[in-house]
Amino acid sequence: MKFNPWFAALALLAAAPFASAKTCSVAIEGNDQMQFNLKEIKIDAGCTQVEVTLSHAGKFPAAAMGHNWVLAKSEDLQAIVNAGATAGLPNNYLPKGDTRIIASTKIVGGGESTSVKFSTAKLTKGGDYSFFCSFPGHWALMHGKFLFG
Ligand code: CU
């Protein structure tokens, strides 16, 4: 077979992004008792992407007991939750375009699941991060530490 430089270049381009990419997956559950099943999520610094899948194990609809999964610096949690409360369910109880939000899923109700995939490039090793649900009143019970490093 004749050497095809185009094919060689394409093969290199296709391989390059995957050589160092590592997606790490996390599964977390919310329930009708306003709880997550995890208090802490640890992500190895070798992970270049994180995929979080949130499942709602309860029965209540999103309007009554909706949950989402939001990641931010711990110091930003309160401000995001406050701004999110007035944003309403159509905006997943999150302020639109808020750059303090590192990653977030939509709000889901009982029996539903959702996921979000994000790059760890924005995270600092050993930084103080929290995950939480931004549905009004939920964060107090539904939050945990997100450790990267
Ligand atoms: Cu919730």
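Note that the structure is a prediction, hence the values are computed from the model and not measured. (Residues numbered from 1 in each chain as written. Predicted model: local features only at pLDDT ≥ 70, side-chain atom pairs only at ≥ 80, totals over all residues. Heavy atoms only, no water.)

Draft legend 1. Quick look at the coordination of the copper ion. Here the copper ion is held by H67 (ND1), C133 (SG) and H138 (ND1), and the distances to it run 2.1 to 2.2 Å. In primary sequence terms, the donor set of the copper ion follows H-x65-C-x4-H. With a gap of 66 residues between them, H67 in the loop between α2 (62-65) and β4 (70-73) and C133 in the loop between β7 (129-132) and β8 (143-148) connect regions that are remote in the sequence. As far as the burial class goes, H67 and C133 line up, both buried. (Donors = N, O, S within 2.8 Å, 3.2 Å for Na, K, Ca; no water. Helix = DSSP H or I, 4+ residues; strand = E, 2+ residues; numbered from the N terminus. Buried < 20%, exposed > 50% of the residue type's maximum accessible area, 1.4 Å probe, protein only.)

Draft legend 2. Local environment of the state of the cysteines. Enumeration according to the criterion identifies 1 disulfide in this entry. One disulfide bridge connects C24 with C47, the sulfur atoms lying 2.0 Å from each other. Judged by the sign of its S-S torsion, about -85 degrees, the cystine formed by C24 and C47 is left-handed. Residue C24 is located in strand β1 (residues 23-30), and its partner C47 is located in the loop between β2 (40-43) and β3 (49-56); the two are separated by 23 residues in the primary sequence. Assessed through its relative accessible area of 3%, C47 is described here as buried. (Disulfide = S-S within 2.5 Å.)

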